[in-house]
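Per-entry structural report
What follows is each chain in one-letter form.
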Amino acid sequence: MLDFFTIFSKGGIVLWCFQGAGVTESFTGPVNALIRSVILQERSGNNSYTHEALSLKYKLDNEFELVFVVGFQKILTLTYVDKLINDVQLHFRDRYKNELDIKGSLKLLNSNFEFEDDFSMLLREAEDSSKARSPASMRTFNESLKSQKTVKSMIETKGGDKIKEQGGKKNKNAKKEAEPVKVDPGKTTSASQKPVENGSQGLTPEEVMQKNREEFFRKRMGGNVEKPSKSPKPQKPKEKQRRVWDMGGSKAEDLDYSHPNDNGTQKAGYQGPDAHIESGMQLNPMKGDLLSVDYEYSEEEDVGEEEEEEEEEQERMEITNTKRVPKKGGGFGGMFGMLKGLVGAKSLSREDMEPVLDKMRDHLIAKNVAAEISTQLCDSVAKKLEGKVMGTFTTVASTVKQALQESLVQILQPKRRVDILRDVLDARSQRRPFIVTFCGVNGVGKSTNLAKISFWLIENGFTVLIAACDTFRAGAVEQLRTHQRRLNSLHPPEQHGGRPMVQLYEKGYGKDAAGIAMEAIAYARNQAFDVVLVDTAGRMQDNAPLMTALAKLIAVNMPDLVLFVGEALVGNEAVDQLVKFNQALADHSMSDKPRLIDGIVLTKFDTIDDKVGAAISMTYITGQPIVFVGTGQTYNDLRSLNARAVVSALMKA
């Protein structure tokens, strides 16, 4: 039934393995995929993983740095796998510890580890235990709660048993009181006084109490309840005071700076037709790699260290209280208990880490990390630390915080090489353009950041063709045309042999975006452009027709890079956006291996202070790196991600 079972160390040394009868394929492929996709990327919150036709379950032993992996066909439902992997871990670690103490590490690795007999026995016991479980029998009707209910018990009355006993007369009176419209105006006063004359008969204790309370307030405050004869007049809102500017004037002529003064000089504040070009010339050069996003710390780090020290002090007090000895031993026992809790002779358990993990989870959610991602990260850290022996004079809080920080850095660091300048040079050597497609929801800044990336590429000597494939939004083509004119004014064609560095390929509105992109790529290949940047229309992840059109554009043109543009302000919405964008690209693709999102452009990063959790959510969901970070409105406001700086801001209290 099992395809394989393997035990290896976290250093990559296989200690023991088992392969089922008739299994010819090696288990190295699925196990390596598990290591790359789960263990190295800190996604070990869930103990199962699917690779092609196999389903893998694993367990980590952090005390001895061991990994136990079992694989079987995913079409099978094996209920005994969890019990088997737990039993094998307990038996193997005891044998491993004894062998390690007797032989030492070198002799143990050079010798064969005999575990086949024990594994066969544990496998047989696990299979027998699953067969011994009989399906739960259905309860009879007499054993169910429904049999104990009667019609009488299901009737709810307002007055309780007294109303049931009074019978039909009370019900008739209640009906008469429920129809006040049919009563004459002269009889309304007498009818309204009947409940007072009858006293509290037929009322529940709560109604009687409410009635007495109202009567009390009416007697005590009867004279003060008189309504005012006239309602007060509403006060007029205070008018806004006019602001007088220093350079302002009271006449329209004073505000007109288009004409020169009498002496031939221009008025103060005059801006000529080329003023926008002169201001643009003051942009900083962006040759080479982008600068990384960084944070400055001064008082914040001190505050975080003080809070950490307070948490450690509180934890020491808890350890002292739980390990308090009788007063006969004097004060030495309490001090010894505190030191015993600090020195590294204790292995971490899930119960020890639970309070700290709850605080960490709430902290991540407050920093804009999606709630689901925060839970998975904390579960992954718990499995990573469970059973691990703490270091000397370290606390649970500091250990968990350090492990979480390392996990976050590991998540943000790219799993593959991200060097767009080198990729553009490789594409130029092949005499073809490097194609980048931008996609995302509405209003996240796709066109603006496309212009920033264009400026960065121009600064590095590459020619850029912008394909206006947003044929849906009004003004999209005009916005790109403005950016093209602006970028060409910053890099005039006269400085580059008479050829403009940026051109716009557009066919207007209402056309097929995939066809425009294909024509733009062909035009760029004929005109020897280095890069093609494809701007697409913003679309919500639930809009099926637009998602189908995006998948068609990517499947037909096969760009070198598909960038998802997302804003740093989102929290839980980032998970939904990325999951549905990837799912749409996979569902509407025409190949067995569809093109999914290759990287992320994180925009509006300058508006979130230290709430940088969206970066964690996006990279955790896709497993793809954040290639660019937008930090403002100008062409210079483009950065690369610094993983350690972002994690430091995320962990800051």
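Rules and cut-offs
- Residues numbered from 1 in each chain as written.
- Predicted model: local features only at pLDDT ≥ 70, side-chain atom pairs only at ≥ 80, totals over all residues.
- Heavy atoms only, no water.
- Axes fitted to C-alpha atoms, helices over the stretch in contact; angles between N-to-C directions.
- Helix = DSSP H or I, 4+ residues; strand = E, 2+ residues; numbered from the N terminus.
- Parallel < 35°, antiparallel > 145°, perpendicular 65-115°, else oblique.
- Left-handed = near helix turned anticlockwise from the far one by under 90°.
- Contact = heavy atoms within 4.5 Å.
- Nonpolar A, V, L, I, M, F, W, Y, C, P; charged D, E, K, R; others polar.
- Pairing = 2+ DSSP bridges.
- Core = buried A, V, L, I, M, F, W, Y, C linked by side-chain atoms within 4.5 Å.
- Buried < 20%, exposed > 50% of the residue type's maximum accessible area, 1.4 Å probe, protein only.
- Salt bridge = Lys/Arg side-chain N within 4 Å of Asp/Glu carboxyl O.
- Polar contact = N/O pair within 3.5 Å; in protein donor to acceptor, adjacent residues only side chain to side chain.

1. Quick notes on the packing of helix α13 (residues 350-366) against helix α15 (residues 396-412)
For the pair α13 and α15, interaxial distance at closest approach is 10 Å and the crossing angle is 45°. Of the possible angle classes, the one that applies to α13 and α15 is oblique. Regarding α13 and α15, the two cross each other, and that crossing is right-handed. Contacts between α13 and α15 involve Asp 352, Met 353, Val 356, Leu 357, Met 360 and Leu 364 from the former and Val 396, Ala 397, Val 400, Lys 401, Leu 404 and Leu 408 from the latter. Tallied by class, the residues present in the contact of α13 with α15 amount to ten nonpolar, no polar and two charged.

2. Describing the sheet that holds strand β3 (residues 48-51)
Sheet architecture is open: five strands sit in the order β2-β1-β5-β4-β3, paired in antiparallel fashion. With partners counted over all chains shown, the strands left at the sheet margins are β2 (14-19) and β3, one partner each. Neighbour to neighbour, the strand axes of the sheet diverge by 20° on average, direction disregarded. Strands in contact with helix α1 (residues 28-39) are β1 (4-9), β3, β4 (54-61) and β5 (66-73); relative to β3, the strand with the most contacts, it is inclined by about 125°.

3. Here we look at the nonpolar core
Formed by 115 residues in total, the largest nonpolar core has its most connected members in Leu 408, Trp 456, Leu 457, Phe 605 and Phe 628. A total of nine residues in this core trace back to one element, the largest contributor, which is α15. Of all hydrophobic cores here, the second largest spans 24 residues; its members include Trp 16, Val 70, Phe 72 and Ala 126.

4. Description of the pattern of salt bridges
Counted according to the given criterion, the structure contains 19 salt bridges. Here Glu 506 ties to Arg 481 by a salt bridge, and the two come within 3.0 Å at their closest N and O atoms. Within this pair, whereas Glu 506 is found in the loop between β8 (502-505) and α19 (513-526), its partner Arg 481 is found in helix α18 (residues 476-490), the two being separated by 25 residues in sequence. Overall, the relative accessible area of 30% leaves Glu 506 in the partly exposed class. Connected through shared salt-bridge partners, Arg 350, Glu 354 and Asp 379 make up one network.

5. Some details on the side chain of Asn 449
Tracing the chain through its elements places Asn 449 in helix α17 (residues 446-459). Given a relative accessible area of 4%, Asn 449 falls into the buried group. One polar contact links the side chain of Asn 449 to the main-chain carbonyl oxygen of Gly 445, over a distance of 2.7 Å. Beyond its immediate stretch of four places on either side in the chain, Asn 449 contacts Val 601, Thr 603, Gly 630 and Leu 638.

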